[in-house]
Amino acid sequence: MDASLTSDIAPLIAASINAGTPLMLAALGLLINEKSGVVNLGAEGMMLVAAVVGFATAVNTGSVTFGFIAAAVSGMLLAGFFALLTVWLGTNQYATGLALALFGSGASAYIGMDYVGHSLENPKFALPWLSDIPVLGAALFRQHPMVYFSLLLCAGIAWFLYRSRAGLVLRAVGESPSSAHALGYNVRMIRLAALLFGGACCGLAGAFMSLVYTPMWVEGMVAGRGWIALALTTFATWRPARVLIGAYLFGGVTILTFHAQGLGVSLASQWLSMLPYLATIVVLVLISNNANWIKLNMPASLGKNFHPH
């Protein structure tokens, strides 16, 4: 293979995986939420708060690991508050999620005022021996450990949903909460657990943005990725493996827009910046053309509150 071509391909693949990782982390958490029958539109807000909390923790403790832990906890706390409002108090899931997204945007901006301009060192990682493989080594085996964790998480969720009894119960709650309740399952607690897990995943996604992808805090740095993650669950028809593929595809589109700008493509930068979001809309429109396919895969109680008798 031509050396110059190799030097171009490997960084593009590596950057696409890096860009797709926060999307995959958030989308996997949201997928578990939706499998339980709950839609949380507050992913963007949770990711923003987690990004600034994780960054602030890493700056003050000197530990990126503590930053990820703090971000996951902050995501769980916000998700727990969302669960209190929607699962126990019966508020509208869509309106509450939008309120959470707006709250997260404002709260993160306020919390992060003292951290604007700070940055963290971005250490290099490499898997022994594997990172020396031509092309593949530079593309796949020099990633941050959180990238490999996200892959394990995807495999673990797929096993949980389709190979474990607990996953079967979760899907039953999403399909027919009344039937699950009649069989003796605590629907509210199961949905709470699903929401807390989703919050932790969104927290890790936000922390990845501020600690790895762009190791600094900038107001609004999540830049709509929470909304793209929500779209990914539909794009993937609620399947973990398809979430992985979709996340890396959208990550690749994002990186290609940056690459095109670097090559001096004669198109306004605003149009290039729009491409990942435009691609999201186009994909959703194409998928929505087949309503039966969506209904076949979508949890039957999605977005509906459960009211036990």
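Preceding block: the structure.
Keep in mind it's a predicted model, so treat the numbers as computed, not measured.

Draft legend 1. How the structure looks around the side chain of Thr86. With respect to the helices and strands, Thr86 occurs in helix H3 (residues 64–88). Thr86 sits in the buried class, given a relative accessible area of 2%. Polar side-chain contacts of Thr86 include one of 2.8 Å to the backbone oxygen of Phe82. The residues touching Thr86, leaving out its near neighbours within four places in the chain, are Thr91, Asn92, Gln93, Thr96 and Asn305.

Draft legend 2. A look at a nonpolar patch on the surface. Residues Ile13, Leu130, Ile133, Leu136 and Leu140 make up a contiguous nonpolar surface patch of roughly 360 Å² in combined accessible area. Looking at Leu136, the relative accessible area reads 44%, which means it is partly exposed.

Draft legend 3. Spatial organisation of the environment of Trp129. Among the structural elements, Trp129 can be located in the loop between helix H4 (93–111) and helix H5 (136–140). For Trp129, a relative accessible area of 74% translates into the label exposed.

Draft legend 4. Just unusual backbone geometry, in detail. At Ala223, a residue that is not glycine, the phi angle is positive and equals roughly 50°. At Trp238, a position not held by glycine, the phi torsion is positive, near 60°. Within the secondary structure, Trp238 sits in the loop between helix H10 (225–235) and helix H11 (240–262).

Draft legend 5. Fine view of the packing of aromatic side chains. A complete count under the given rule lists two aromatic pairs for this structure. Ring geometry for Phe55 versus Tyr115: centroids 6.4 Å apart, planes at 90°, classification edge-to-face. Taken together, the positions of Phe55 in helix H2 (residues 43–61) and Tyr115 in the loop between H4 and H5 put the pair 60 residues apart, joining distant regions of the chain. For Phe55, a relative accessible area of 0% puts it in the buried group. With relative accessibility at 17%, the residue Tyr115 sits in the buried group.

Calculation criteria
Residues numbered from 1 in each chain as written. Predicted model: local features only at pLDDT ≥ 70, side-chain atom pairs only at ≥ 80, totals over all residues. Heavy atoms only, no water. Helix = DSSP H or I, 4+ residues; strand = E, 2+ residues; numbered from the N terminus. Buried < 20%, exposed > 50% of the residue type's maximum accessible area, 1.4 Å probe, protein only. Polar contact = N/O pair within 3.5 Å; in protein donor to acceptor, adjacent residues only side chain to side chain. Contact = heavy atoms within 4.5 Å. Patch = residues over 30% accessible without salt bridge, like charges linked within 9 Å, V, L, I, M, F, W, Y side chains within 5 Å. Areas by Shrake-Rupley, 256 points an atom, 1.4 Å probe, with all protein chains shown as cover. Salt bridge = Lys/Arg side-chain N within 4 Å of Asp/Glu carboxyl O. Phe/Tyr/Trp six-rings, centres within 6.5 Å; stacked < 30°, edge-to-face > 60°.

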